[in-house]
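Fold and geometry: a report
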Amino acid sequence: QVQLVESGGGLVPAGGSLRLFCAASGSIFSRATMGWYRQATGKQRELVATISGDGTSSYVDSVKGRFTISRDNAKSTVYLQMNSLKLEDTAVYYCNLKYLLRRYDYWGRGTQVTVSS
């Protein structure tokens, strides 16, 4: 069983920065692919960024150059550094863990990020 707990969300002015945290329980963190997703009101959940166990990362085009995903396997934590935030970044941000060999697909409860004008 895996539990994911996000933190770090909040209210920030446009152009500001936030750092999201996702702490994972369980022993497979270092081998899992971690991802950050977001869901704005009235929209579908979308993938923001992923990072594999070996540290390979990918991003949706809309956040490239502004967001950075990273992980600390010793702390079983994944981070999302968000800079130059825009109004359209406002959403609930969810942490996801995938480990396909065991068909693991776990979600956190989300953390709200609100960017104000």
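Just above sits the structure.
Let me sum up the structure you'll find in this document. Because the structure is predicted, anything quoted here is derived from the model rather than measured. (Residues numbered from 1 in each chain as written. Predicted model: local features only at pLDDT ≥ 70, side-chain atom pairs only at ≥ 80, totals over all residues. Heavy atoms only, no water.)

**A few points about the packing of aromatic side chains**
To describe a pair of aromatic rings, you give the distance between the ring centres and the angle between the ring planes. Our working definition: Note on aromatic contacts: the rings of Phe and Tyr and the six-membered ring of Trp form a pair at centre separations within 6.5 Å, being stacked when their planes are under 30 degrees apart, edge-to-face when over 60 apart, and tilted otherwise. Segments assigned H or I by DSSP are reported as helices when at least four residues long, segments assigned E as strands when at least two residues long, and all are numbered from the N terminus. Only protein chains enter the calculation, and the probe is 1.4 Å; a residue is then buried if its accessible area is under 20% of its type maximum, exposed if over 50%, and partly exposed in between.
All told, the structure shown has four aromatic pairs when counted by the stated rule. Taken together, a centroid distance of 5.5 Å and an interplanar angle of 80 degrees make the contact between phenylalanine 21 and tyrosine 79 edge-to-face. Note that phenylalanine 21 is positioned in strand E3 (residues 18-24) and tyrosine 79 in strand E8 (residues 77-82), a separation of 58 residues in sequence. Residue classification places phenylalanine 21 among the partly exposed residues on the basis of a relative accessible area of 32%.

**With respect to the nonpolar core**
Defined as follows: For our purposes a nonpolar core is just a set of buried Ala, Val, Leu, Ile, Met, Phe, Trp, Tyr and Cys residues, chained together by side-chain atoms within 4.5 Å. Whether two residues touch is decided by their heavy atoms; if any such pair falls within 4.5 Å, the residues are in contact.
Membership of the largest hydrophobic core comes to 31 residues, with the highest contact counts inside it found for Met34, Trp36, Leu80, Tyr93 and Leu97. Elements with a contribution of two residues or more to this core: E3, strand E4 (33-39), strand E5 (46-51), strand E7 (67-72), E8, strand E9 (91-99), strand E10 (104-107) and strand E11 (111-116). For this core, the leading source of residues is E9, giving five residues. Each residue touching tyrosine 93, except ones within four places of it in the same chain, is listed here: Glu6, Leu20, Trp36, Tyr37, Arg38, Val48, Phe67, Leu80, Met82, Gly110, Thr111 and Val113.

**Focus on the state of the cysteines**
So the rule is basically this: The rule for a disulfide is simple: a pair of cysteine sulfur atoms within 2.5 Å.
Enumeration over the complete set of coordinates arrives at one disulfide. In this model cysteine 22 forms its disulfide with cysteine 95; the gap between the sulfur atoms is 2.1 Å. With the S-S dihedral at roughly -80 degrees, the linkage between cysteine 22 and cysteine 95 falls on the left-handed side. One end of the pair, cysteine 22, is in strand E3; the other, cysteine 95, is in strand E9, with 73 residues separating them in the sequence. With respect to class, cysteine 22 is no different from cysteine 95; both count as buried.

**Points about the environment of isoleucine 51**
With respect to the element layout, isoleucine 51 can be found in strand E5. In this structure the C-alpha to C-alpha distance between isoleucine 51 and asparagine 73, which are 22 residues apart in sequence, comes to 12 Å. Beyond its immediate sequence surroundings of up to four residues, isoleucine 51 is in contact with Ala32, Thr33, Met34, Thr56, Ser57, Ile69, Ser70, Arg71 and Val78.

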